[in-house]
Amino acid sequence: IEKSAKATPDSNGVRPSDDVAGQIVDAFDKKRTAQQNFQTGCVRFTLSLKSGLLYFIENGFVRLDAKEIAEFLLDNKDKLDKTQIGEVLGKEPDSAFVKDEGVEADQGGKGFFVRILHYYVDAMEFTDLLFDDAIRLFLSGFRLPGEAQKIDRIMEKFAEFYTRQNDDVFPSADTAFILAFSVIMLQTDLHNPSIKPEKRMTCEGFIRNNRGISVDGGDLPNEFLEGIFKRIQVKPFTLKEDDLARAKEGGADALEASSFFEAPGFFGTSAEERKKEKFRKEREEMMAASEQLFKKRPSKQSNANNAATAQLKESISPANVVKPMFDVTWGPLIGTLAQVLETSEDENSIALCLIAFVYSIRISAHSGMSLARDTFVNALAKFTTLGSIKEMKYKNIESIRTLLSIAIVDGDYLGESWGPVLQCVSQLGRLQLYASGLDSDDSFLSNGTSKGDADEPSAGFFRSPTQAEVTRGIEENNGRAILAAVNEILIDKVFSSTVNLSVTSMYHFIEQLIDVSMGEICGDSKRGLSDVTAASSSLQPAAQGAKTTASRSGHGDGGPRVFSMQRLVEVADYNMNIRPRLAWAKMWEMMGNHFATIGCQDNAMVSMYAIDALRQLSFKFLEKPELADFNFQRLFLRPFLDIMENPTSRDDIRELILRCVDNMIRSMSHNIRSGWKIFFSILTLSASDPSEKISTLGLAVLQRLLDEHLDQLCRLTTFDEFGVEDKEEVKDSEQMTALQRRQRNANAEDFVGLCHASMSFVQTEESDNPLPIGLSMRALCHTACYADLISEDKVLPPVSGSQPSDPNAAGYTYEGLSNEEALEMVLWRPILDGLAAGICSTAPSSSGGVGCLVQRGSVITMRAILLRHGHVFSTSQWSVILRQVILPAIQIGAEYDTSPVTTITSESPSVSSLDFLNEALPLPPTADDEGLMKFAELAESDESAPTRPLGTAELLVEASFADLRHGGDGDLRKAHGLAKKNQDGKKDTEQPFPDSWIATTAPVALGMLTDVFSEVVLDKGKEGREVLWPIILEQLQRWSIGFPRTKSILESIRDDTNNDAGSEAWSPCESLVRIGCKELYRILEKLPEKHASLTEHDAQAWPKLVFQTISDTLAKNVAMEKVLHEELVETKLRRLGLDPRDPKKETVAENDVGASKNPNDSSSLVVDRIEECVLEDGRTVEIPVTKIKLESGSSLYDGDQAEAKEEEDDEDNNEDVEEDEPSYLQEYIPSLKIRCIASHCLQQGILEVADVFSHMVGKEELANLLRALEESRVMSSKASDDEDLAHAFQEALLSEWGGGVEEVESSLASVGGILHKGGAEMFFLTQQAGADKAIIYILSQLYCVHGEDAKSYGWDTQTYAEPLLFERMLDVLQKFLISEKDNAEYINPNVWRMASDSGGKIALYCTCFADVCSSILETILNFNQDQFNQHKDAIYPILCSLIRVQSEEIRGLVQQIFVTKIAAVLGIRGCAEAVEG
């Protein structure tokens, strides 16, 4: 500063310091001006890209050069509006900045903006950038336009440039281009807040969507795609200004609300600009409306005139003045006018008459004189001569013009007089066609050849013209005259002016137009117009030799026409959107009924025209969205349903309706509301249509509806209609308005209709027109889809109106539930009930040797739904589902089965004749199982597969059906492999009884209960044990043991109908018994698998309940078995004339169990004895036995031949009773056998249960089980020794072969050992052996437990088990030795160890108890040495005797005992090693 102050001034007196300061100020001003101009340019660019670019160019910021502008946009991307930058880059290829021709593209000519795009991209650097990072960088400079073509151009250039700079990433730019689009879609899908989290794309879905996009259909590496997905998931694409806006609005929480992720914000105009545009339009509309109001505002003078006129109108009505005078004069007046008009040809006179007609009609119409009005209109219509075949004159044409003028001007007062007017218009339309050289409608709408002269033979070259030819010539001439004099617009205006008619007049107009239309279709289009006599003299001379009949009136002689129907469509179109809804509803009711009537016409062309008219109007109507709580769509679409319901409708018409429905759903599903009910009803009717083609089409429409329009069906996913964004708020009915509640109920009712539509394709009854099995199976898949929707809350239940009484009313649900639970079940009931009906369907559904496909498919679908979504049901709901749905269905299915399977009884409990029964399905894998996911991918890759992903239950059903279709084993983890196979390569799975429900479906159905127990009941804890388990157990016991003894469901229904209560109790067949027992133990097998996941209390309670269940089931079965035994014997003795209570008859002592008698000797006698058995060591053992003296001389039992002979004589004396023998045998023997089989099956499973749970229960539970087993053992022992029972079994077997007692006796002597297969001993000794084996096994577990295992029981098991165990062991072994010794000549190792048909007698006791003996010997091997030493005195003699038996297995076990136990007692060491050596 000091130097400046001392500086010397220049020649002008200016110091140098002043120069520098000025330069600084100038530079600052220039910079400030430039900044201001740049800000101005930014504003202009935001408002208009061309204006902004031009401003920048004019102010020197950039030259008019594509490359410089591109660099300018890139350098200033953070300052300029990014939406406009996107618009610049996305402009059309032929867009130009300069309009002059011949300008180069880089200088502003055509292609200028494309050049900017290319330069813009080329200026960026993508080398070594990850693909998604490159897109992130690229999109950071602008906002993508909204049009797809613009996005396509921009991303195409990006892909090309990225591939050029990173040639090792993609094999071609096409791959990069496709993936770029996919990445943008992924960005929107992952971060758009309007998309639910569960609906957002997954990594697997992203990879799946990008398969095959590489060269030649190759795939990109999964790791590459996974990396892109994870990075975009963590860090979305954002713009800098959006980040700043979010920071101002509250940081990260504003991310979800950012407009960047909304489709309009991401792809086009910003939200702020849309708001401005909307405000501008509203302002313009308000200004226009205000302007119209000002224009219509009347002046003060006009107000005064209007007031005076109104006062005059109120004081005197013109009708009151004119009507009396006109009432007197109109009669003579019309006569005069008609006479003048008929006779005069003077144009002035004709004009005066027609004017008089106009005023007369107007006066009569306005005065309410309907008779005068109708008379004048009819008279004027007659003078048109449109109803006659005669050449028209001037007055006739003028009459037509007058009539049309009256219709247009005074149409609001014509009322019923519209009929003649519209008939005239109809004839005008016909004549116009003739004038144009075209044929009328009837020429191509007629079913056959037209009547008339066309059939007459030709008379040669000089023949006279026919009447038809003459008539056609006259009408063509008339048509040309009318076409020249009457403007077509005038005719059209008759119908277009209906928009001005009052509602009442409109009703009259439509009514009369419908009446005319019906006349046209019936060929009577001239009705009411043909009373004027035709002038034959006007015919051409050439026609004089033709038929001289009266002119054709058309009364039924013409073909059908659709002119008026077409006009009716036009009238509906004109008035549809301007009439009040209520008024329009009544109008459409009339029109719709007419269309429905015509749609059922025999004439196919006419019917199709009516359907097409309905289709056109329906599309027009559905364009206007229906507000909530209205049902106008349902009313409008009702004619379609009426035609479908009409039994006289044609097949091709019903097919056409379905195609119309399909088209409407495809095009208008977004606007359909109440119309869904009509569509669902139509689809439901198509399922029962006699035509298979229509049924197939109906299901195809339904399938396409689910695949492509599921979002429209589930409108509640967005909750827009409720005006709220919080889903939980919508689910809370207390926070909903009344309108919202009604809309929720309506949506639920629509969904129920959809479910019914699908279930109607599942054939549940036998029919003369059976549905293809494939349709039923596909419909079952639909139900799984519906279950997925309910479970995912995509469809919400109603909020009120549940009722359990009327299936056809809304809100139909189950009884016994709380209000909330009942409302929830409204959606589930149509699905569950429909599947239940399918389970017990009586319709045959076999294909390829595989039977009951619909029944099995219904079970599989029900099972999939319950397993995947069972968690949504409460315990009460589960109870209802089991009691009211599942159990009745499977019980009815079993009762409906009348196949031979129900009569098959095995020869022995241990040898089943029912090996053909299906197996229960294994538990399905979890929803995320790899095999299921592969199956889903395979299913989605199919061209016909839906675009939507399969739900969890739907996927399970699809996989199960694929397994069933290809003969799989039920393991759905391998379903994807089966689905790949060709249908021709499936293995043969033909079943012996394909139509038997029991053989094919029962195992799967009852197995479903096992799965429910495993996946649901065990997780319910105490409620599961106390509420659900008894319900399941009841069904298991009903099948396995026939308890409780109740009537069948079918009999109960019949009894309720017939008021009859005398039906017998239902009992299961052997097949059901074996299935029931098997599933009972399959259920118990599931318990150990879940034991670790149970609570401590449940883990203790369930084992006790298991033992209690088995004990109770077995005890009940034995009790029923005992009663049957006693009743059978008593019945037999009474039929033989013997007293069952005779004390002289010797019987086996109650507690004494002898060896089995031989059933092949009918004369044997039972006697109790004590037998002395001498063992090999010389000791004598007394064994209580019962011997029978056999005819062969051998003594298995001691007997008394005399008493046996006496019994034989008694039977001979009662031959007359034999006639009724089969009845009581059939009543008792099969039931007793089945009860025996049930006991055997129950006892077989006890071993495994005891092995798993015996240490988890107390003494009481084990004692109860042993008690039940002992009851079974005692009962079966008595039965096996009962001679009368043996005879009954034998007689029952022989009665099946035919013959009486003599034949029975002779057969018994000749068949040898064959009868043992169906004899009582074979059955009951098998049961006895099973009981003994189970008793010994349980007791051995209690006795042989040691150390810590013994402590786990918590009580002294050895002391309890020891006496019981040795009593059973010694008893079985001793009796086995006696039987083996006494029946030595019948023993063959291959006979008594297995069934044989050798024909020789066999040792049944040895046959049945050999396995028990082996188990006993294995138990002895498990004794510790102290236990063996304690009982060696009792064991050793029996072991010595067992050495001689013929069973190698038994001898081998005895050898092991000697080597291990006896050797230890004797102190011999190394014995085991020596034997092995």
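The structure presented is a predicted model; accordingly, all values stated were derived computationally and were not measured. (Residues numbered from 1 in each chain as written. Predicted model: local features only at pLDDT ≥ 70, side-chain atom pairs only at ≥ 80, totals over all residues. Heavy atoms only, no water.)

J.: Would you mind going over the overall build of the protein chain with me for this structure?
T.: Helix and strand content of the protein chain: 60 helices and two strands. Per-residue burial for the protein chain yields a buried fraction of 51% across its 1477 residues. Within the structure as shown, the protein chain displays about 68,100 Å² of accessible surface, and the carbon and sulfur contribution to it stands at 50%. (Helix = DSSP H or I, 4+ residues; strand = E, 2+ residues; numbered from the N terminus. Buried < 20%, exposed > 50% of the residue type's maximum accessible area, 1.4 Å probe, protein only. Areas by Shrake-Rupley, 256 points an atom, 1.4 Å probe, with all protein chains shown as cover.)

J.: Would you take a moment to explain the layout of surface pockets for this structure?
T.: The gaps of empty space that remain are located by a probe, the size of a water molecule, rolled over the atoms. Computed from the structure, the largest pocket encloses a volume of approximately 1,600 Å³. Around the largest pocket, the lining is made up of 45 residues, and of these K199, R208, R948, P949 and L950 lie nearest the centre. Of all the secondary structure elements, the ones that give two or more residues to the lining of the largest pocket are α9 (173–191), α10 (203–209), α31 (692–708), α32 (710–713), α35 (773–791), α39 (930–940) and α40 (952–965). Ranked by residue count, the leading element in the lining of the largest pocket is α39, at six residues. (1 Å grid on protein atoms, 1.4 Å probe; cavity = no way out; pocket = protein on both sides within 12 Å on 5 of 7 lines; lining within 4 Å. Points joined across faces, edges and corners; volume = space filled by probe spheres on them.)

J.: Before we go on, may I ask you to explain the packing of aromatic side chains in this structure?
T.: Each pair of aromatic rings is reported with the distance of its centres and the angle of its planes. Taken as a whole and judged by the stated rule, the model has 47 aromatic pairs. On the basis of an interplanar angle of 75° and a centroid distance of 6.1 Å, the ring pair of F495 and F509 is categorised as edge-to-face. With a gap of 14 residues between them, F495 in helix α23 (residues 488–496) and F509 in helix α24 (residues 503–521) connect regions that are remote in the sequence. The two residues F495 and F509 agree in class, both being buried. (Phe/Tyr/Trp six-rings, centres within 6.5 Å; stacked < 30°, edge-to-face > 60°.)

J.: Help me understand the packing of helix α17 (residues 347–366) against helix α19 (residues 394–409) in this model?
T.: For any two helices packed against each other, the geometry is given by the interaxial angle and the distance between the axes. Viewed as axis vectors pointing N to C, α17 and α19 meet at an angle of 25°, and their least axial separation amounts to 10 Å. The angle between the axes of α17 and α19 places the two elements in the roughly parallel class. α19 is crossed by α17, and the crossing has right-handed handedness. On the side of α17, the interface is formed by E347, I350, L354, V358, I361 and R362, while α19 contributes Y394, K395, E398, S399, T402, I406 and V409. Across the contact of α17 with α19, the residue classes tally to seven nonpolar, two polar and four charged. (Axes fitted to C-alpha atoms, helices over the stretch in contact; angles between N-to-C directions. Parallel < 35°, antiparallel > 145°, perpendicular 65-115°, else oblique. Left-handed = near helix turned anticlockwise from the far one by under 90°. Contact = heavy atoms within 4.5 Å. Nonpolar A, V, L, I, M, F, W, Y, C, P; charged D, E, K, R; others polar.)

J.: Before we go on, may I ask you to explain the packing of α17 against helix α18 (residues 370–382) in this structure?
T.: Between α17 and α18, the least distance of the axes is 8 Å, while the angle of their chain directions is 150°. What the angle tells us is that α17 and α18 run roughly antiparallel. Here α17 and α18 pass one another in a crossing that is left-handed. Note on element contacts: α18 touches α17 through A372, R373, F376, V377, A379 and L380, opposite L354, F357, S360, I361, S364 and A365. Residues of the contact of α17 with α18, tallied by class, amount to nine nonpolar, two polar and one charged.

J.: Got a minute to help me understand the nonpolar core in this structure?
T.: As a rule of thumb, nonpolar side chains are buried together in soluble globular proteins. Counting 307 residues, the largest nonpolar core has F595, W1029, I1032, F1324, F1376, F1423 and L1442 as its most contacted members. For this core, the leading source of residues is helix α49 (residues 1221–1253), giving 16 residues. Judged by nonpolar contacts, the second largest core, of 62 residues, contains F112, A134, F177 and V183. (Core = buried A, V, L, I, M, F, W, Y, C linked by side-chain atoms within 4.5 Å.)

J.: Looking at this structure, I do not really get unusual backbone geometry. What am I missing?
T.: Peptide bonds are, in most cases, trans, and in most cases residues other than glycine have a negative phi. Between F1043 and P1044 the backbone carries a cis peptide bond, its omega angle lying at 0°. Note on placement: P1044 falls in the loop between α44 (1022–1040) and α45 (1049–1058). Phi is positive for T385, which is not a glycine, with a value near 55°. Within the secondary structure, T385 is located in the loop between α18 and α19.

J.: Help me understand the confidence of the model for the protein chain in this model?
T.: It should be kept in mind that the predicted coordinates are not to be read in detail where pLDDT is low. Averaged over all residues, the pLDDT of the protein chain is 78; the fraction at 70 or higher stands at 75%. Across residues 448–461, confidence stays below pLDDT 50; counting only partners more than four residues off in sequence or on other chains, it has nine contacts. A low-confidence stretch, residues 1387–1400 (pLDDT under 50), is modelled with 28 contacts involving residues beyond four sequence positions or located in other chains. (pLDDT = per-residue confidence, 0-100.)

J.: Help me out: how do you make sense of the side chain of D662 in this one?
T.: Position of D662 among the secondary structure elements: in helix α29 (residues 651–668). For D662, a relative accessible area of 9% gives the class buried. The contact partners of D662, leaving out residues within four places of it in the chain, are V701 and R704.

J.: Would you mind showing me how to read the environment of D897 here?
T.: Summarising the element assignment, D897 is placed in the loop between α38 (875–896) and α39. In sequence terms D897 and I998 are 101 residues apart; their C-alpha atoms lie 6.8 Å from each other. With sequence-adjacent residues up to four places away left out, D897 is seen in contact with T902, S996, W997 and I998. Within the structure, the side chain of D897 is placed 2.7 Å from the side chain of S899, a separation counted as a polar contact. (Polar contact = N/O pair within 3.5 Å; in protein donor to acceptor, adjacent residues only side chain to side chain.)

J.: For this particular structure, what's the right way to read helix α47 (residues 1096–1135)?
T.: Residue pairs spaced three or four apart in an α-helix point in one direction, given the helix's 3.6 residues per turn. Helix length check: α47 (40 residues) gives 59 Å between terminal C-alpha atoms against 58 Å at 1.5 Å per residue, within 8%. A positive backbone phi angle near 80° is found at G1137, which sits one or two residues after α47. (Expected span 1.5 Å × (residues − 1).)

J.: How do you make sense of the pattern of salt bridges when you look at a structure like this?
T.: Oppositely charged side chains are able to pair whenever their charged atoms sit close together. Taken as a whole, this structure holds 50 salt bridges when the rule is applied. The partner of R211 in a salt bridge is E937, and the shortest N-O contact between them spans 3.6 Å. With R211 in the loop between α10 and α11 (222–234) and E937 in helix α39, the pair connects residues that are 726 residues apart, well separated along the chain. By relative accessible area, which is 29% here, E937 ends up partly exposed. A salt bridge links E655 to K693; the nearest nitrogen and oxygen atoms lie 3.4 Å apart. (Salt bridge = Lys/Arg side-chain N within 4 Å of Asp/Glu carboxyl O.)

J.: So what exactly am I meant to see when it comes to the state of the cysteines here?
T.: Disulfides are covalent bonds that link the sulfur atoms of two cysteine residues. Evaluated as defined, the whole model comprises zero disulfides. With no disulfide of its own, C1413 has C1406 as its nearest cysteine by sulfur position, at a separation of 8.0 Å. Since its relative accessible area comes to 0%, C1413 is described here as buried. (Disulfide = S-S within 2.5 Å.)

J.: Looking at this structure, how should I read the side chain of S858?
T.: Along the polypeptide, S858 turns up in helix α37 (residues 853–869). The class for S858 is buried, based on a relative accessible area of 0%. In this structure the side chain of S858 is engaged in a polar contact, spanning 2.8 Å, whose partner is the backbone oxygen of V854.

J.: Is there a simple way to think about the environment of A757 in this case?
T.: With respect to the helices and strands, A757 occurs in helix α34 (residues 738–759). Along the sequence, A757 and S681 sit 76 residues apart, while their C-alpha atoms lie 6.8 Å from each other.

J.: Sorry, what's going on with the environment of V1118 here?
T.: Position of V1118 among the secondary structure elements: in helix α47. Classification of V1118 as buried rests on a relative accessible area of 4%. Measuring from C-alpha to C-alpha, the distance between V1118 and V1274 comes to 9.8 Å, with 156 residues separating the pair along the chain. Discounting chain neighbours no more than four positions away, the residues touching V1118 are S1239, E1271, S1272 and M1275.

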